[in-house]
Amino acid sequence: YSYELLMQGKSPEDIANERGITLATVYSHIATMYEKGHPIEMEKFVSKTEQTEIFEVLKKLGVTSQLKEIFEALGQKYDYGKIRLGLAMYVRRKS
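### Comments concerning the packing of aromatic side chains
For step 1, the next point in the chain: All told, the structure shown has 2 aromatic pairs when counted by the stated rule.
For step 2, the next point in the chain: Judged by centre distance (5.4 Å) and plane angle (55°), the ring pair of Phe55 and Tyr90 falls under tilted. With Phe55 in helix α4 (residues 48-61) and Tyr90 in helix α6 (residues 80-94), this pair connects stretches of sequence that are 35 residues apart. Neither residue differs from the other here; Phe55 and Tyr90 are each classed as buried.
For step 3, the next point in the chain: Here Phe71 and Tyr80 contribute two aromatic rings whose centre-to-centre distance is 4.6 Å and whose plane-to-plane angle is 20°, an arrangement assigned as stacked.
For step 4, the next point in the chain: With relative accessibility at 16%, the residue Phe71 sits in the buried group.
For step 5, the next point in the chain: Against the face of Tyr34 rests Arg92, its NZ or CZ located 4.1 Å from the ring centre.

See below:
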């Protein structure tokens, strides 16, 4: 259902409010949909700078790392939702 709302042009914040779920949960839904091959413009949610920083940490730690490890390695600069999206992008590009 989050995907349908996203395709209607709703923001992750709007989806969270409408569905009564957290923004992190919406980001997790988006990441999962992206990993499954849905056409989502991830750059709307993760800037090139954020991608570069997240990807660098993933190269060092590996994709099987816990989100908390990645969060801490990034100096707590990005929230878990943003990291989850970056991880999905990284994994999909490597496959």
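### Some remarks on the packing of helix α2 (residues 12-19) against helix α3 (residues 23-35)
For step 1, the next point in the chain: Where α2 meets α3, the axes come as close as 9 Å, and the angle between the chain directions of the two elements is 115°. By the criterion of interaxial angle, the relationship of α2 to α3 is roughly perpendicular. For the element pair α2 and α3, the recorded crossing hand is right-handed. Mapping the contact onto sequence places Pro12, Glu13, Ile15, Ala16 and Arg19 in α2 and Leu23, Val26, Tyr27, His29 and Ile30 in α3.
For step 2, the next point in the chain: Tallied by class, residues from the contact of α2 with α3 come to 7 nonpolar, 1 polar and 2 charged.

### With respect to α6
For step 1, the next point in the chain: Compared with an ideal rise of 1.5 Å per residue, which puts 15 residues at 21 Å, α6 spans 21 Å between its outermost C-alpha atoms and is within 8% of the ideal.
For step 2, the next point in the chain: Here α6 has its buried residues at Gly81, Lys82, Ile83, Arg84, Leu85, Gly86, Leu87, Ala88, Met89 and Tyr90.
For step 3, the next point in the chain: Looking at where α6 begins, the residue whose side-chain oxygen comes 3.1 Å from the main-chain nitrogen of Gly81 is Asp79.

### Considering the environment of Pro12
For step 1, the next point in the chain: Looking at the secondary structure, you find Pro12 in helix α2.
For step 2, the next point in the chain: Overall, Pro12 belongs to the buried group, its relative accessible area being 5%.
For step 3, the next point in the chain: With sequence-adjacent residues up to four places away left out, Pro12 is seen in contact with Leu23, Val26, Tyr27, Ile30 and Phe45.

### Brief notes about the packing of α3 against α6
The relative placement of two packed helices is expressed as an angle between their axes plus a distance between the axes.
For step 1, the next point in the chain: As a packed pair, α3 and α6 sit with axes 8 Å apart at the nearest point and diverge in direction by 5°. Classified by the angle between their axes, α3 and α6 sit roughly parallel to one another. Contact residues: Tyr27, Ser28, Ile30, Ala31, Thr32, Tyr34 and Glu35 in α3; Gly81, Lys82, Arg84, Leu85, Ala88, Met89 and Arg92 in α6.
For step 2, the next point in the chain: When the residues that make up the contact of α3 with α6 are grouped by side-chain class, the tally is 7 nonpolar, 3 polar and 4 charged.

### Topic: the pattern of salt bridges
For step 1, the next point in the chain: Taken as a whole and judged by the stated rule, the model has 7 salt bridges.
For step 2, the next point in the chain: A salt bridge links Glu18 to Lys10, with the shortest nitrogen-to-oxygen separation between them at 2.7 Å.
For step 3, the next point in the chain: Given a relative accessible area of 40%, Glu18 falls into the partly exposed group.
For step 4, the next point in the chain: The salt bridge involving Arg84 is made with Glu35; its shortest N-O contact spans 3.0 Å. Remark: Glu35 occurs in helix α3 and Arg84 occurs in helix α6; sequence separation between them is 49 residues.
For step 5, the next point in the chain: The exposure class of Arg84 is buried, given its relative accessible area of 16%.

Procedures and definitions
Residues numbered from 1 in each chain as written. Predicted model: local features only at pLDDT ≥ 70, side-chain atom pairs only at ≥ 80, totals over all residues. Heavy atoms only, no water. Phe/Tyr/Trp six-rings, centres within 6.5 Å; stacked < 30°, edge-to-face > 60°. Helix = DSSP H or I, 4+ residues; strand = E, 2+ residues; numbered from the N terminus. Buried < 20%, exposed > 50% of the residue type's maximum accessible area, 1.4 Å probe, protein only. Lys NZ or Arg CZ within 6 Å of the ring centre and 35° of its normal. Axes fitted to C-alpha atoms, helices over the stretch in contact; angles between N-to-C directions. Parallel < 35°, antiparallel > 145°, perpendicular 65-115°, else oblique. Left-handed = near helix turned anticlockwise from the far one by under 90°. Contact = heavy atoms within 4.5 Å. Nonpolar A, V, L, I, M, F, W, Y, C, P; charged D, E, K, R; others polar. Expected span 1.5 Å × (residues − 1). Polar contact = N/O pair within 3.5 Å; in protein donor to acceptor, adjacent residues only side chain to side chain. Salt bridge = Lys/Arg side-chain N within 4 Å of Asp/Glu carboxyl O.

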